[in-house]
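Tertiary structure, described
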Amino acid sequence: MDILQRIKQHQFLFEELVKRDFTKKYKRTILGVFWSILSPLLMLLVQALVFTQFFGRTTPHYIIYLFCGNLIYSYFKESTGAGMGALMENASIFSKINVPKYLFLLSKNVASFINFVIILGIFFIFVLFDRLPIGFHLLMLIYPIGCLVIFNLGMGLILSAWFMMFKDIKYLYDIFTMALMYFSAIFYTLDVYPPAVQQLFYLNPMYVYIYYFRSIVIYGKIPGLAIHFIAILYAVLAVLLGALIYKKKNYTFLYYI
């Protein structure tokens, strides 16, 4: 409740930060915010052309299968990548004005979420064209989306704090996200792996959220309780660890500007 009260107290600043963070990405581009739609669609097109011949022949609704993976992974990468630099980019503000530092991270997350919702709308258009059923079962997508929002926020807290102290984090994170993409089964299925290896993929939070999305949209099935537990567990652990780091390092950030 204290966090909500402080956000309300600084509501004008928070709203301006969100507007700035959402529009800044496409500033001085001809298409502007339309790149938020065009960019993921072009990526989907390239991957579909490359991987359909290898994986799409035997995978039902492969374009939607691919889109699910890209949708979740891209949101995660954009949200955490932007969140990592949230403090450093706004150091000139919080070094002069006493405002909660997590406001800058929250604004990045909200801007990324807006972009995610826009692409999600395009995703549902693809679902309709692929003649997949549209029904109340899609409301269950609220669960993995909610978990992902919390997870991204937690990772943003961790990364932004670490980036203030260790600038090498940015380069290490770029390598990490690239590896994460290949281990999230975005463009391939797990059928070729033995059951023991398939279980290891659940150690990857991105795969868990992608798997949930695919289960609902493509197969019309609600995952079991184990998947629900793992999904919320990753989210809670990330945000608790991020909050702990912020609490311990909050008053030292000014020394690293």
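Residues numbered from 1 in each chain as written. Predicted model: local features only at pLDDT ≥ 70, side-chain atom pairs only at ≥ 80, totals over all residues. Heavy atoms only, no water.

Considerations on the overall build of the protein
We count it as follows: Secondary structure elements follow DSSP: runs of H or I of four or more residues count as helices, runs of E of two or more count as strands, with numbering from the N terminus. Type-normalised accessible area, obtained with a 1.4 Å probe on protein chains alone, sets the label of each residue: buried when under 20%, exposed when over 50%, and partly exposed for intermediate values. We call two residues in contact when some of their heavy atoms are within 4.5 Å.
If you tally the helices and strands in the protein, you get 12 helices and zero strands. Ordered by position from N to C terminus, the α and β elements of the protein give α-α-α-α-α-α-α-α-α-α-α-α. Here the protein holds 257 residues, and 46% of them are scored as buried. Look at the contacts in the protein between residues 6 or more apart in sequence, and 77% of them connect residues 24 or more apart.

Looking at the packing of aromatic side chains
Rules: Classification of ring pairs rests on two measures: the distance between centres of Phe, Tyr or Trp rings, Trp counted by its six-membered ring, which must be within 6.5 Å, and the angle between planes, read as stacked under 30 degrees, edge-to-face over 60 and tilted in between. When the NZ atom of lysine or the CZ atom of arginine is within 6 Å of a ring's centre and also within 35 degrees of its normal, the charge is said to sit over that ring.
The full count for this structure, using the stated rule, is 22 aromatic pairs. Ring centres of Tyr188 and Tyr193 lie 6.5 Å apart, and the angle between their planes is 65°; on these two criteria the pair is classed as edge-to-face. Three or more aromatic residues joined by ring pairs form one cluster here, namely Phe51, Tyr182, Phe187, Tyr188, Tyr193, Phe201, Tyr202, Tyr207 and Tyr211. The ring of Phe163 carries Lys167 above its face, with NZ or CZ at 5.7 Å from the centroid. The ring of Tyr171 carries the charged tip of Lys170 above its face, separated from the ring centre by 5.6 Å.

Things to note about the environment of Asn115
As for its placement among the helices and strands, Asn115 is situated in helix α7 (residues 102-129). Asn115 sits 40 residues away from Tyr75 along the chain, and the two C-alpha atoms are 8.2 Å apart.

Brief notes about the packing of α7 against helix α8 (residues 142-165)
Stated formally: Throughout, an axis means a line fitted to C-alpha atoms (over the contacting stretch in the case of helices), and angles, computed between N-to-C directions, take values from 0 to 180 degrees. For a crossing to be left-handed, the near helix must be turned anticlockwise from the far one by less than a right angle; the clockwise case is right-handed. All amino acids are sorted into three groups, where Ala, Val, Leu, Ile, Met, Phe, Trp, Tyr, Cys and Pro are nonpolar, Asp, Glu, Lys and Arg are charged, and the leftover types, Gly among them, are polar.
Between α7 and α8, the shortest axis-to-axis distance is 10 Å and the interhelical angle comes to 145°. The element α7 and its partner α8 pack so that their crossing is right-handed. Within the contact between the two elements, α7 uses Leu105, Leu106, Asn109, Phe113, Phe116 and Leu120 and α8 uses Ile145, Val149, Asn152, Leu153, Gly156 and Leu157. Of the residues in the contact of α7 with α8, the class split is nine nonpolar, three polar and no charged.

Topic: the confidence of the model for the protein
This is how the line gets drawn: pLDDT runs from 0 to 100 and stands for how confident the predictor is about each residue.
Summing up the model confidence of the protein, the mean pLDDT is 85 and the portion of residues at 70 or higher is 82%. Averaged pLDDT values over the elements of the protein bottom out at 64 in helix α1 (residues 2-9) and peak at 97 in helix α11 (residues 205-217).

Some words on empty space enclosed by the protein
Rules: Cavities and pockets are defined on a 1 Å grid built over the protein atoms alone: a cavity is a set of grid points where a 1.4 Å probe fits but cannot escape, while a pocket is an open set with protein on both sides within 12 Å along at least five of seven lines, and lining residues are those with an atom within 4 Å of any such point. Grid points are joined across faces, edges and corners, and a volume is the space filled by probe spheres set on the points.
For the structure shown, the criterion picks out one cavity of 30 Å³ or more. Taken as a whole, the largest cavity spans an internal volume of roughly 50 Å³. Taken together, Pro40, Met43, Phe67, Asn70, Leu71, Ser74 and Ile119 form the lining of the largest cavity. Looking at the lining of the largest cavity, the elements with two or more residues in it are α3 (35-56) and α4 (62-84).

Things to note about the environment of Glu89
By the secondary structure assignment, Glu89 is in helix α5 (residues 86-89). It is 9.0 Å that separates the C-alpha atoms of Glu89 and Phe104, two residues lying 15 residues apart in sequence.

Topic: the pattern of salt bridges
Defined as follows: Between Lys or Arg on one side and Asp or Glu on the other, a salt bridge is scored when a side-chain nitrogen of the former is within 4 Å of a carboxyl oxygen of the latter.
A full pass over the atoms with the stated rule returns one salt bridge. Between Asp174 and Lys170 there is a salt bridge whose closest N-O contact spans 3.8 Å. Separated by four residues within a single helix, Asp174 and Lys170 lie in helix α9 (residues 169-182), roughly one turn from each other. Looking at Asp174, the relative accessible area reads 36%, which means it is partly exposed.

Concerning the nonpolar core
Note the cut-off: Only buried residues count toward a nonpolar core, which is a set of Ala, Val, Leu, Ile, Met, Phe, Trp, Tyr and Cys residues joined through side-chain atoms within 4.5 Å.
In terms of nonpolar packing, the biggest core is built from 71 residues, with Phe123, Phe151, Tyr209 and Phe213 touching the most fellow members. Of all the secondary-structure elements, those providing two or more residues to this core are α3, α4, α5, α7, α8, α9, α11 and α12 (225-249).

Focus: the side chain of Ser184
Looking at the element boundaries, Ser184 is found in the loop between α9 and α10 (195-200). Under the relative-accessibility criterion, Ser184 is labelled buried at 0%. For Ser184, the residues in contact, after removing those within four places along its chain, are Asn204, Met206, Tyr207 and Ile210.

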